[in-house]
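Observations on the three-dimensional arrangement
Chain by chain, the residues:
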Amino acid sequence: MSHDHDDASEHGHSHYDSPASRRARSSFEVRSMALEAALVENGVLTTDAIDAFVDIMEHRFGPHHGARVVAKAWSDPEFKQRLLADANAALTDLGIGGTEGNVRVVENTDDTHNMVVCTLCSCYPWPLLGLPPTWYKDYAYRSRAVLEPRGVLKEFGVEIDPDVRVAVWDSSAEVRYFVLPQRPSGTEHMSEDELAALVDRNSMIGTGVVPAPA
Ligand code: FE
């Protein structure tokens, strides 16, 4: 399974990672280091607590959970119905929790392709997908995903048939959207583990689709 590469170059485009956004990121880094030092110095946080949080974000949360959920939904129609009706309850049953706000799962079908953005900032279902990629937080993605979703999808290498509706969901602190991608053909014989290995992060944001196995 592919892991998080926090880098716009993975889909062959560099315009989400302009020199300006690189400068902004490094100034954020400097500010967060200063903030961390001040919080530790004043006894508000310990470096152990910060390390533990980073460990959770980098290892306990991640797209491997989202992929497991997708594979189960593909294999178990009853679970899929529960996931679509009440994602938080279905995810709790799988031992996945700890997100702020509600998760809502939107299903890709032959008629509709769903894609997720947070136009305001970077709201994202952390336990299912880990930390958002840099491009998800970038102003260009946040604005263009709404204005010209098909053009953005094309840049991610996803060509949506004109007959297929593209639905863009705006995540917020209250509701974090998660895309259930379409199960590719040629996977009927596959186990849940094998299916999960096909599902990558972008397919669960809707900026990708799950390709049929080679
Ligand atoms: Fe946000």
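An account of the accompanying structure is given in this report.

Parameters at a glance
Residues numbered from 1 in each chain as written. Predicted model: local features only at pLDDT ≥ 70, side-chain atom pairs only at ≥ 80, totals over all residues. Heavy atoms only, no water. Donors = N, O, S within 2.8 Å, 3.2 Å for Na, K, Ca; no water. Buried < 20%, exposed > 50% of the residue type's maximum accessible area, 1.4 Å probe, protein only. Core = buried A, V, L, I, M, F, W, Y, C linked by side-chain atoms within 4.5 Å. Helix = DSSP H or I, 4+ residues; strand = E, 2+ residues; numbered from the N terminus. Salt bridge = Lys/Arg side-chain N within 4 Å of Asp/Glu carboxyl O. Patch = residues over 30% accessible without salt bridge, like charges linked within 9 Å, V, L, I, M, F, W, Y side chains within 5 Å. Areas by Shrake-Rupley, 256 points an atom, 1.4 Å probe, with all protein chains shown as cover. Lys, Arg positive; Asp, Glu negative; His and termini not counted. Charge placed at Lys NZ, Arg CZ, Asp CG, Glu CD. Contact = heavy atoms within 4.5 Å. Polar contact = N/O pair within 3.5 Å; in protein donor to acceptor, adjacent residues only side chain to side chain.

Quick word on the coordination of the iron ion
- Taken together, the protein ligands of the iron ion are Cys 118 (SG), Cys 121 (SG), Ser 122 (N), Cys 123 (N) and Cys 123 (SG), with distances of 2.2 to 2.7 Å.
- For Cys 121, a relative accessible area of 32% puts it in the partly exposed group.
- Cys 123 sits in the buried class, given a relative accessible area of 10%.

Overview of the nonpolar core
- One finds Val 69, Leu 83, Leu 128, Tyr 136, Tyr 141, Phe 178 and Ile 205 to be the most contacted residues of the largest nonpolar core, which totals 46 residues.
- With 6 residues, the top contributor of residues to this core is helix α3 (residues 63–75).

Describing the pattern of salt bridges
- Per the counting criterion, the structure on display carries 6 salt bridges.
- Its salt-bridge partner being Glu 148, residue Arg 144 comes within 2.7 Å of it at the nearest N-O pair.
- We classify Arg 144 as buried; its relative accessible area is 18%.
- A relative accessible area of 36% means that Glu 148 is categorised as partly exposed.
- Its salt-bridge partner being Glu 155, residue Arg 144 comes within 2.8 Å of it at the nearest N-O pair. With Arg 144 in helix α8 (residues 139–147) and Glu 155 in helix α9 (residues 149–155), this residue pair connects regions lying 11 residues apart in the sequence. For the pair Arg 144 and Glu 155, one class covers both residues: buried.

Re a negative patch on the surface
- Together, Glu 36, Asp 48, Asp 51, Asp 55 and Glu 58 give the surface a local cluster of negative charge.
- Top element by residues in the negative patch is helix α2 (residues 47–60). It accounts for 4 residues.
- Within the secondary structure, Glu 36 is located in helix α1 (residues 19–41).
- With a relative accessible area of 33%, Glu 36 lands in the partly exposed category.

Brief notes about α8
- Of all the residues in α8, the buried ones are Tyr 141, Arg 142, Arg 144 and Ala 145.
- In this structure, the buried residues of α8 make contact with β2 (112–117), α7 (134–137), α9, β3 (165–170) and α11 (201–205).
- Looking at where α8 begins, the residue whose side-chain oxygen comes 2.9 Å from the main-chain nitrogen of Ala 140 is Asp 138.

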